[in-house]
Amino acid sequence: MTARLVIDPAFTVAAVDERLFGSFVEHMGRAVYGGIYEPDHPTADEDGFRGDVLELTRELGVTVVRYPGGNFVSAYDWEDGVGPREQRPTRLDLAWRSIEPNEVGTDEFMAWARKAGVQPNFAVNLGTRGVDAARNLVEYCNSPAGSRYADWRVENGHADPYGIKLWCLGNEMDGPWQVGQKTAVEYGRLAAEAGKAMRLVDPSIELCVVGSSNSRMPTFGVWEDTVLDLAWDVADYISLHTYYDPADYPDLDAYLTCSLDLDRMIDTVVATADAVAGRKRSRKRVGLSVDEWNIWHQQANPHHTDVTGPFKRAPHLAEDDQTLADALVVGCLLITLLRHADRVKIGCLAQLVNVIPPMRTLDGGPAWRQTSFFPFMHASRFGRGTVLRLEPDAPTYEVEGEGAVSALEATAVLDEAGGALTLFAVNRGADALPLEVRLRDLGGASVAEHIVLAGDDLDATNTAEAPDRVAPSQGSGASVEDGRLRAELPPRSWNVLRLTGAR
């Protein structure tokens, strides 16, 4: 059976915010120490940052990076990570049962961000701390010299303010695993006051309040309603976090549908935010920041759950070997985020390196791309422009709890200025899927390339020994004729169909 859809530039969703293609560096496992920072590595620069990781970060196309956490931030004293390294304290990190040497902190991360070409997205500690620590960190980062914390930054060798625009008001405050867990009322009031004080220091900043940790939380929906009601005046965005474990699904067919949960979660939070706006008679539309999302083999690789062992420096936590099937799921999740570009403005693939990552490293050794690296790179590279509304007609298959699921997950992005149209598509099905696309008012379009990520072994992974086992290839046979794009999507595949001359 052939899948069919229509692409018409008159039917738009929204322009893509480049911050949708973000990632996350937390002081967890080897994300920092052994990930972005390893002074003794052969590729390390004068600041101790791994050159191979920087190169892959730029290749990946990451635009914004959230820092320093995550669960870590809820018991983090930011002052520990600034000033002369030899004077910084070593602390116990309760979130990940680790030794934190504080060799990397605010100033070091900002140096790395400049080299990587990414915008910073800073989180403040609203677990064990509050208004004072938050406003002081904004002053340290964003104020010109002439006040206590800005002068401390200058004393530490950084005369110019960093001008950090995006700030998270805490992290997963509804979670019982969080140091300083709070009720929605407790958190909402604290976020409102911290955000107010931070904006008094720098009125130009954007603030993201904490939403539910995942859609399975018993307070999901109610939490968002209460928090937004209390912190409405400071909330530019509300966060969504979601991870998908293949072990939670009975088979591959079901696993490939987990993006449907993200779709529903986005719809629920949008509806809740707009309901609050309605009650307040406000015309403001709160954006969504999906600032933690990924697949995560939590049951197969549960090292991060050990709360009884000794504290270790940079332990190997959540260093999952991602499969080709995982890459297809990441592709579906990326398509879902793009389809909601009217409200989802920020996304952070969690995390960047070594911790459930698109790239892995060995201490003193190589860095390599995991399978999820490729769909993210393609989306960031070719997903800039305006998302177009699609209504695919495709074969379906039955999944318990979901009913009939389309074999085709797809979205399209038009770069009108450049005359480029990109169709992102995942064929969930076990059979090749013929695709026919009617192109309306896109005369002159022709196929520039058809990128495919597929293979016979859905469990295939990339490793240090075989870093290119899973890699994209060029499809064949895609063409445009009589205003119709025709292509064949291989079984279980991620596809990028790029058209030029689409004007």
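Just so it is clear, the model here is predicted, and its values are computed rather than measured. (Residues numbered from 1 in each chain as written. Predicted model: local features only at pLDDT ≥ 70, side-chain atom pairs only at ≥ 80, totals over all residues. Heavy atoms only, no water.)

Asks: Explain the overall build of the protein chain here, please?
Replies: Within the protein chain, the regular secondary structure consists of 10 helices and 26 strands. Against the 2.2 N^0.38 benchmark of 23 Å for 503 residues, the protein chain shows a C-alpha radius of gyration of 23 Å, consistent with a compact globule. Considering only C-alpha atoms, the protein chain reaches an extent of 70 × 60 × 45 Å along its principal axes. The buried share of the protein chain, taken over its 503 residues, is 60%. Taking the contacts inside the protein chain whose residues are at least 6 apart along the sequence as the reference set, 77% of them involve residues at least 24 apart. For the protein chain, the computed accessible surface area is about 18800 Å², with 48% contributed by carbon and sulfur atoms. Taking the average location of the 48 positive side-chain charges in the protein chain and that of its 74 negative ones, the two points are 5 Å from each other. (Helix = DSSP H or I, 4+ residues; strand = E, 2+ residues; numbered from the N terminus. Rg over C-alpha atoms; globule rule 2.2 N^0.38 Å. Buried < 20%, exposed > 50% of the residue type's maximum accessible area, 1.4 Å probe, protein only. Contact = heavy atoms within 4.5 Å. Areas by Shrake-Rupley, 256 points an atom, 1.4 Å probe, with all protein chains shown as cover. Lys, Arg positive; Asp, Glu negative; His and termini not counted. Charge placed at Lys NZ, Arg CZ, Asp CG, Glu CD.)

Asks: Teacher, can you tell me more about the sheet that holds strand E10 (residues 237-244) here?
Replies: Within a beta sheet, neighbouring strands are joined by backbone hydrogen bonds and run either parallel or antiparallel to one another. Read around the closed barrel, eight strands run E3-E4-E7-E8-E9-E10-E11-E13, paired in parallel fashion. Neighbour-to-neighbour, the strand axes of this sheet turn through a mean angle of 30°, independent of strand direction. Here strand E11 (residues 287-295) pairs with strand E13 (residues 344-350) via four bridges, running parallel. Residue pairing across strands places Trp293 opposite Leu349, the latter belonging to E13. (Pairing = 2+ DSSP bridges. Axes fitted to C-alpha atoms, helices over the stretch in contact; angles between N-to-C directions.)

Asks: Any chance you could explain the nonpolar core here in plain terms?
Replies: Generally speaking, a soluble globular protein has its nonpolar side chains buried in company with each other. Ranked by size, the top nonpolar core spans 139 residues in total, and within it Trp112, Trp167, Leu169 and Tyr187 carry the most contacts. In terms of residues, this core owes the most to one element, helix H9 (residues 324-339), which gives 12 residues. Residues contacting Leu169, with those up to four places away along its chain left out, are Val124, Leu126, Tyr187, Ala191, Ala194, Gly195, Met198, Leu207, Cys208, Val209, Val210 and Val234. Of all hydrophobic cores here, the second largest spans 26 residues; its members include Leu390, Leu423, Ala425 and Leu499. (Core = buried A, V, L, I, M, F, W, Y, C linked by side-chain atoms within 4.5 Å.)

Asks: Mind showing me how you'd approach the side chain of Arg343 here?
Replies: Take Arg343: it is sitting in the loop between H9 and E13. A distance of 2.9 Å separates polar atoms of two side chains, one belonging to Arg343 and the other to Asp274. Beyond its immediate sequence surroundings of up to four residues, Arg343 is in contact with Val270, Ala273, Asp274, Arg285, Val286, Gly287 and Leu288. (Polar contact = N/O pair within 3.5 Å; in protein donor to acceptor, adjacent residues only side chain to side chain.)

Asks: Can you walk me through unusual backbone geometry in this structure?
Replies: Glycine aside, negative phi is the norm for most residues, and most peptide bonds take the trans geometry. Cis geometry marks the peptide bond from Tyr67 to Pro68, where omega comes out at 0°. Each neighbour pair has its own omega, and for Gly69 with Gly70 the value is 10°, a cis peptide bond. At Arg281, a residue that is not glycine, the phi angle is positive and equals roughly 55°. Inspection of the secondary structure assignment puts Arg281 in the loop between helix H8 (259-279) and E11. The phi dihedral of Asn354 is positive, around 75°, even though this residue is not glycine.

Asks: Explain the packing of aromatic side chains to me, please; I cannot follow it from the model alone.
Replies: Each aromatic ring pair is described using two quantities: the centre-to-centre distance and the angle formed by the ring planes. One pass over the full model with this rule turns up 18 aromatic pairs. Chaining the aromatic ring pairs together yields one cluster made of Tyr67, Phe109, Trp112, Phe122 and Trp167. For the cation-ring pair, Arg66 lies above Phe24, with the distance from its terminal atom to the ring centre recorded as 4.7 Å. When the ring centre of Phe373 is taken as reference, the NZ or CZ atom of Arg369 above it lies at 5.7 Å. (Phe/Tyr/Trp six-rings, centres within 6.5 Å; stacked < 30°, edge-to-face > 60°. Lys NZ or Arg CZ within 6 Å of the ring centre and 35° of its normal.)

Asks: Could you clarify how one ought to interpret the packing of helix H3 (residues 131-142) against helix H4 (residues 148-155) in this entry?
Replies: Relative placement of two packed helices is described by the angle separating their axes and the distance separating the axes. Direction vectors running N to C along H3 and H4 enclose 45°, while the axes themselves pass 7 Å from each other. Of the possible angle classes, the one that applies to H3 and H4 is oblique. For the element pair H3 and H4, the recorded crossing hand is right-handed. Contacts from Asn136, Glu139, Tyr140, Cys141 and Asn142 of H3 reach H4 at Arg148, Tyr149, Ala150, Trp152 and Arg153. (Parallel < 35°, antiparallel > 145°, perpendicular 65-115°, else oblique. Left-handed = near helix turned anticlockwise from the far one by under 90°.)

Asks: Sorry if this is basic, but what is going on with the pairing of E10 here?
Replies: Consecutive residues of a regular strand have side chains that alternate between opposite faces of the sheet. For E10, the buried fraction is high: eight of the eight residues fall into the buried class. In E10, alternate side chains face the same way, and those of Tyr237, Ser239, His241 and Tyr243 on one face and Ile238, Leu240, Thr242 and Tyr244 on the other are all buried. Bridge count between strand E9 (residues 206-209) and E10: two bridges; the pairing is parallel. For Cys208, the partnering residue across the bridge sits in E10 and is Tyr237. For E10 and E11, the ladder comprises seven bridges, and the chain directions are parallel. If you follow Ile238 over to E11, its bridge partner there is Leu288.

Asks: What am I meant to see in the sheet that holds strand E24 (residues 479-481) here?
Replies: With mixed pairing, the four strands of this open sheet are ordered in space as E1-E21-E25-E24. Among the strands making up the open sheet, the edge pair consists of strand E1 (3-7) and E24. Between one strand axis and the next, the sheet turns through 25° on average, direction left out of account. Here E1 pairs with strand E21 (residues 433-439) via five bridges, running parallel. Each residue of the ladder has a partner; that of Arg4, found in E21, is Glu436.

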